[in-house]
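Each chain is listed here by its residues.
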Amino acid sequence: MMKKPFVTKSQIEEIVKKYPTPFHIYDEKGILDNAKAVYDAFSWNKGFREYFAVKATPNPILMELLKNAGCGFDCSSKTELMLSSAVGASGADIMFSSNDTPAEEFAYADKLGAIINLDDFTHIEFLEETIGKIPETISCRYNPGGVFKMSNGIMDNPGDSKYGMTRDQLFEAFKILKSKGAKHFGIHAFLASNTVTNEYYPTLAGQLFELAVELEKETGADVAFINLSGGVGIPYTPDAEGNDIAAIGAGVKEQYEKILVPAGMGDVAIYTEMGRFMMAPYGALVTKAIHEKHIYKEYIGVDACAVNLMRPAMYGAYHHITVLGKEDAPLDHVYDVTGSLCENNDKFAIERQLPKIDMGDYLFIHDTGAHGFAMGYNYNGKLKSAELLLKADGSVELIRRAETPRDYFSTFDCLSVFTKLSKIMDEERTS
Ligand SMILES: *Cc1c(COP(=O)(O)O)cnc(C)c1O
């Protein structure tokens, strides 16, 4: 499949007059159309809800778009809870799926009335001590151990992951939580990441549905929802095929009708916590070629770096690159596309076939809408970029300004240092 940018070169040339590169830009129409497709795919389930994984793209303007499309929010930290609260989410709009959770975060989640998803058996006691009760609605995260297999082989290795409770712990947890006053239970599991098969959710759902039937039978707990969490992937490479969310929804429905309905559990709500699938294809990092270097290999230096998009440096992840205005040019050059960090893994592409790149060309780095800006850091004193929203009407809104040196220095509370830095920043501004 051809990967096509959602902006053109001439649009970017207009945008950069106001907002210089690098920046992440998001496609409102793409986000909304996809969110609708997700809700359509699960419309057979009365209680269905997508809890957008805030960590993927923690921007309140984008969160608001998703909220208006019906989504709740999956949070794993206090600041993510605060962002959700700021866009008007409360109570059952928020899922708190954290791990290794500090007490103050449980307390804050409880204050917002969020649904708490316990990562560990010992967190029952920890939560009760922290908030003085067990909430009426509570969820537990399950880890079956071993390997997670589907018809096309091993997908992932839950036995090696730090998350969730064992099967025995889960049964015990439900009994204890019930005895402490919990009334509505949820089951959550996240067993494979970035899956590019329509089988992942249906396979996971089948396992969780069977577990839910046994849990109800053995513990008498009322299973109110089953949370399939995240893990639905997107095609990062041009040859990969995208997931078909309608087929995924239909596959989950089949398992639901086969397992839950005959067990008298046809009222169980299905929840999802997708991050990547909701946002990744609808964001891009736009950066300008500023240097070319010819040594033992050919290098193109751009004005973004791993601080703006860490996935290639961190996981060797592939992000497709389109040179804007050269969409149809032959891919007759081979480049490493690099950022400026003093780290040799700061490369957006390694030995990538691309059209001839000229200085000043704009590179559209695809699929940065999830786990893109959000993973950014400040190594080498590099600053995080702006985020822009391309609205459905073609206009562009600044939804997060770029960092400035003042932001970078703002945590030096020590007055004497900050005074000196302020003077330097002032001189720099007026020079
Ligand atoms: C990261 C995460 C998600 C989202 O995962 P994606 O792969 O982006 O869909 C959902 N739930 C939890 C608990 C997570 O940690």
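Keep in mind it's a predicted model, so treat the numbers as computed, not measured.

Student: Can you break down the overall build of the protein residue by residue, with the values?
Tutor: Helix and strand counts for the protein come out as 13 helices and 19 strands. In terms of overall dimensions, the protein has C-alpha extents of about 70 × 55 × 45 Å along its principal axes. Long-range pairs, those at least 24 residues apart, make up 68% of the contacts in the protein between residues at least 6 apart in sequence. Charge-centre separation for the protein: the mean point of 43 positive side chains lies 3 Å from the mean point of 60 negative side chains.

Student: Mind laying out the packing of aromatic side chains, listing which residues take part and the relevant values?
Tutor: On inspection of all chains with the given rule, the structure shows 16 aromatic pairs. With 5.0 Å between their ring centres and 65° between their planes, Tyr51 and Tyr271 make a pair best called edge-to-face. Here Tyr51, found in strand β2 (residues 49-53), pairs with Tyr271, found in strand β11 (residues 269-272); they are 220 residues apart in sequence, far enough to count as distant. For the residue pair Tyr51 and Tyr271, the accessibility class agrees, reading buried in each case.

Student: Tell me about the side chain of Thr57, and please be specific about residues and values.
Tutor: Note on placement: Thr57 falls in the loop between β2 and α3 (60-68). What makes Thr57 buried here is its relative accessible area of 3%. Setting aside its immediate chain neighbours within four residues, Thr57 contacts Tyr26, Phe52, Leu62, Met63, Met279, Gly369 and Ala370.

Student: Which residues make up the side chain of His366, and what values do they have?
Tutor: The topology assignment puts His366 in the loop between β17 (362-365) and β18 (386-390). Take His366: its relative accessible area is 4%, and that puts it in the buried class. For His366, the residues in contact, after removing those within four places along its chain, are Lys3, Lys4, Pro5, Gly283, His319, His320, Ile321 and Thr322.

What counts, and where the lines are drawn
- Residues numbered from 1 in each chain as written.
- Predicted model: local features only at pLDDT ≥ 70, side-chain atom pairs only at ≥ 80, totals over all residues.
- Heavy atoms only, no water.
- Helix = DSSP H or I, 4+ residues; strand = E, 2+ residues; numbered from the N terminus.
- Contact = heavy atoms within 4.5 Å.
- Lys, Arg positive; Asp, Glu negative; His and termini not counted.
- Charge placed at Lys NZ, Arg CZ, Asp CG, Glu CD.
- Phe/Tyr/Trp six-rings, centres within 6.5 Å; stacked < 30°, edge-to-face > 60°.
- Buried < 20%, exposed > 50% of the residue type's maximum accessible area, 1.4 Å probe, protein only.

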